[in-house]
Amino acid sequence: APQVLTCGATSFPHAPTYPYGESVWKEIDRSGHSTFDEAGLAAMVADVQKLYHGESRYFLTGWEAGGPTVWAMVFRHPELLRGGAPVSTNYRGRWLEAKDFSIDPARVRLPVSVLFCDQLKGPDEAGRQGWLLQSKEALDAAKAHGFTATSLRVAPGRPHGPLAEEVLAAFAAILAESGDSHTQAR
């Protein structure tokens, strides 16, 4: 699986924490971070479709710094997704200009469930409030660009983390609403 670059890291180019060689970095420099990430996600989806008979549209989640990638895919390619569940994410509209927001009709009904941990103690709450503000900015951008099936929910009593149970419950609810029992059985 590729390590995404749209995570907001500031140590580019050629960050040593990434496993990419010089030729890959040259391609990234040429094409851009978001193009690289979109191609990596598309390759993973193609592998899942081929190896495991995955469907053409998929669910996407990301936690904290994974947020910019999730939001970029939601906003650029709603037609590729069944739903999104950003969790306590960063969002600053990175790699998104007004022209990048999709006008595909799929955006109107794409379910995006923003999930958040419960309040934190001490200085960690300041970070949580920052993520909450950024997520609200993303939801405002969604509304401004015609995404209408969005929600924000705080998970009572849950600590800061990827909230896997809540993400899977959100995706299961989308499947149940669609009546897609064939998919639910997989």
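Residues numbered from 1 in each chain as written. Predicted model: local features only at pLDDT ≥ 70, side-chain atom pairs only at ≥ 80, totals over all residues. Heavy atoms only, no water.

Undergrad: Sorry if this is basic, but what is going on with the packing of aromatic side chains here?
TA: The geometry of an aromatic ring pair is captured by two quantities: the separation of the ring centres and the angle between the planes. What the rule picks out here adds up to 8 aromatic pairs. Seen from their ring centres, Tyr 20 and Phe 36 are 5.2 Å apart, and the 80° between their planes marks the pair as edge-to-face. Taken together, the positions of Tyr 20 in the segment before helix H1 (22-31) and Phe 36 in helix H2 (residues 33-52) put the pair 16 residues apart, joining distant regions of the chain. Taking relative accessible area as the criterion, Tyr 20 reaches 17% and is therefore assigned buried. Its relative accessible area of 18% is what places Phe 36 among the buried residues. Ring centres of Trp 71 and Tyr 91 lie 6.1 Å apart, and the angle between their planes is 70°; this geometry places the pair in the edge-to-face category. Taken as a pair, Trp 71 in helix H3 (residues 67-76) and Tyr 91 in the loop between strand E2 (81-87) and helix H4 (106-109) lie far apart in primary sequence, 20 residues in all. On the accessibility criterion, Tyr 91 (8% relative accessible area) is buried. (Phe/Tyr/Trp six-rings, centres within 6.5 Å; stacked < 30°, edge-to-face > 60°. Helix = DSSP H or I, 4+ residues; strand = E, 2+ residues; numbered from the N terminus. Buried < 20%, exposed > 50% of the residue type's maximum accessible area, 1.4 Å probe, protein only.)

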